[in-house]
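Each chain, written out:
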Amino acid sequence: MGYMRARRSIKLGSGVKLNLNKRSVGLTVGGRGAHYTVNSRGQRTTTVGIPGSGVSYSSRSSTRKPAARASSQRARRRPPQAKAAIPAPTAHPGVFARHYERAFYLGTTKLAAGDDKAALAAFRDADTSDDKHRAISPALFAGVLAFQLGDHEAAVPYLERVTNSAQSLPDSLMSKYAPSLHLSVEVNRISLPVPMGSVAAVMLLAECYCETERLQEAIGLAQKLHEHSPSSSGMLLFLCSMYLRAEDWDEIVHATAGISNEDDITLMLRLWQAQGMEKQGLPDAALEAYRDALKSKKRDEELLKEARYLRAKLYIQLGKRAMAKRDLGRLYGEDPGFEEVRALLASLG
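What comes next concerns the included structure. (Residues numbered from 1 in each chain as written. Predicted model: local features only at pLDDT ≥ 70, side-chain atom pairs only at ≥ 80, totals over all residues. Heavy atoms only, no water.)

## Here's the deal with the overall build of the chain
- Within the chain one finds 14 helices and eight strands.
- Evaluated residue by residue, the chain yields a buried proportion of 51% over its 349 residues.
- Contacts in the chain between residues far apart in sequence, at least 24 positions, make up 59% of those at least 6 positions apart.
- When the accessible area of the chain is evaluated, it comes to approximately 16500 Å², of which 52% is carbon and sulfur surface. (Helix = DSSP H or I, 4+ residues; strand = E, 2+ residues; numbered from the N terminus. Buried < 20%, exposed > 50% of the residue type's maximum accessible area, 1.4 Å probe, protein only. Contact = heavy atoms within 4.5 Å. Areas by Shrake-Rupley, 256 points an atom, 1.4 Å probe, with all protein chains shown as cover.)

This is the structure:
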């Protein structure tokens, strides 16, 4: 795991600052505010921070192979997804508009038409041709679209530049050609609408780090996002999804302390919390969490099925066969093909 240390303070409105500092002798790549160090032993050190917090997150890792992920279906996450869609821009570049502005406009028209590859090419052109770095939005859109197309390695440098930038978002290009744009980020089947800006860039950068075996850096980013917006259940869900990737159930239980089932997001958190309590050897607390998860029918059907299934399996472990049979029977009536519900029912007689 990484460690926390004091750093400098940066405003969120000006974008998110990513700090990478060396702590041992080695090769450091990057300029001011962005350093990546690899030493002779293959150890790498990175530090990341969220603006306004005054704290950064540092982690060390080596080139050794990471531990294999759990084979459990619920321990694996769905591949991260994001979708940016905008209406065709109503504004048009003027006669004297520079090339980077025309390229950005072309990108927005291609994105509105659903041609993501052509849009990505246009935004890359806009970013490259803006030799005086007047706008950061071309890099943001290029990073988002590279991520959307599944090229996480290509997305990282664009998203890191956005999080490093002192420019505010939306900038002049976004305000003119893509106002009020939101990005839909999917976290374990739940879609989180996020304004297209620095927070969206950090979320996607964290996902890219996960997909490129930089999990501790991803967790550090998610921690700072949650600390900046502690009342946001969406940011808590995002943070816990990172802990889930690391199979850190203790952190999930700690982070979700005190929550209750109010919507689909908190229902998902309750399910993760209950599983974490099971891992900690607290079956009664886990049952209480499952009970809360199932208290309302006005939730996502698949999540409710998952809650009933997990509770039934816990009942079986506790020797409460009648209660397990009741949950499984109800689940079988709703969806006979859900997981191995048929086999479990048969085993209970």
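## Concerning the packing of aromatic side chains
- Applying the stated criterion to the full structure yields six aromatic pairs.
- A network of ring pairs unites the aromatic residues F104, Y105, F123, F141 and Y177 as a single cluster. (Phe/Tyr/Trp six-rings, centres within 6.5 Å; stacked < 30°, edge-to-face > 60°.)

## Some details on helix α13 (residues 321–334)
- Taking 1.5 Å as the rise per residue, α13 with 14 residues should run 20 Å; its terminal C-alpha atoms sit 20 Å apart, in good agreement.
- The set of residues buried in α13 consists of A324, D327, L328 and L331. All buried residues of α13 project into a common sector of 95° when viewed along the axis, lining one side. Exposed residues lying more than 90 degrees from the buried face of α13 are A322 and G333.
- Summarising the contacts, the buried residues of α13 are in contact with α12 (301–317) and α14 (341–348). (Expected span 1.5 Å × (residues − 1). Arc of directions from axis to C-beta.)

## Focus: unusual backbone geometry
- In this model, L169 is joined to P170 through a cis peptide bond whose omega is 0°.
- If you trace the backbone, P170 turns up in the loop between α4 (152–164) and α5 (172–177).
- Its identity is not glycine, yet E213 carries a phi of approximately 60°, on the positive side.
- Position of E213 relative to the elements: it lies in the loop between α6 (198–211) and α7 (215–228).
- Its identity is not glycine, yet E339 carries a phi of approximately 45°, on the positive side.
- Relative to the helices and strands, E339 is located in the loop between α13 and α14.

## Some points on the state of the cysteines
- Following the criterion strictly, the structure yields zero disulfides and no others.
- Counting only cysteine sulfurs, C210 is the nearest neighbor of C208, a cysteine outside any disulfide, at a range of 9.4 Å. (Disulfide = S-S within 2.5 Å.)

## Considering the pairing of strand β8 (residues 190–195)
- Across the two faces of β8 the burial differs, with I190, L192 and V194 buried and S191, P193 and P195 not buried at all.
- Here six bridges tie strand β7 (residues 182–187) to β8, and the two strands are oriented antiparallel to one another. Bridge pairing in β8 places V185 opposite L192.
- Hairpin connection, β7 to β8: the antiparallel pair is bridged by two residues, and N188 has positive phi, about 50°. (Pairing = 2+ DSSP bridges.)

## Description of α14
- Those residues of α14 not exposed but buried are V341, L344, L345 and L348. Around the axis of α14, the buried residues are gathered within 100° of arc, so they sit on the same side. Relative to its buried face, α14 has exposed residues pointing more than 90 degrees away, namely R342 and A346.
- Tucked inside the fold, the buried residues of α14 contact α12 and α13.

## What to know about the pattern of salt bridges
- Applying the stated criterion across every chain, the model contains 17 salt bridges.
- As a salt-bridge pair, E101 and K176 come within 3.1 Å of each other at their nearest N and O atoms. Residue E101 is located in helix α1 (residues 99–112), and its partner K176 is located in helix α5; the two are separated by 75 residues in the primary sequence.
- The buried category is assigned to E101, whose relative accessible area is 14%.
- Overlapping salt bridges, with partners in common, bring together D130, D131 and R134 in one network. (Salt bridge = Lys/Arg side-chain N within 4 Å of Asp/Glu carboxyl O.)

## Comments concerning the packing of α12 against α13
- α13 packs onto α12 with a crossing angle of 150° between their chain directions and a minimal axis gap of 8 Å. In terms of orientation, α12 lies roughly antiparallel with respect to α13. In terms of crossing hand, the pair formed by α12 and α13 is left-handed. Note on element contacts: α13 touches α12 through M323, A324, R326, D327, L328, R330, L331 and E334, opposite K305, R308, Y309, R311, A312, Y315 and I316. (Axes fitted to C-alpha atoms, helices over the stretch in contact; angles between N-to-C directions. Parallel < 35°, antiparallel > 145°, perpendicular 65-115°, else oblique. Left-handed = near helix turned anticlockwise from the far one by under 90°.)

## Considering the environment of A112
- Relative to the helices and strands, A112 resides in helix α1.
- Note: C-alpha distance between A112 and P89 (23 residues apart in sequence) is 8.1 Å.

## Things to note about the nonpolar core
- Membership of the largest hydrophobic core comes to 95 residues, with the highest contact counts inside it found for F141 and L237.
- Counting residues per element, this core draws most heavily on α6, which supplies 10 residues.
- Beyond its immediate stretch of four places on either side in the chain, F141 contacts F104, L111, F123, M174, A178, L181 and M196. (Core = buried A, V, L, I, M, F, W, Y, C linked by side-chain atoms within 4.5 Å.)

The values reported here are purely geometric and, on their own, carry no functional implication.
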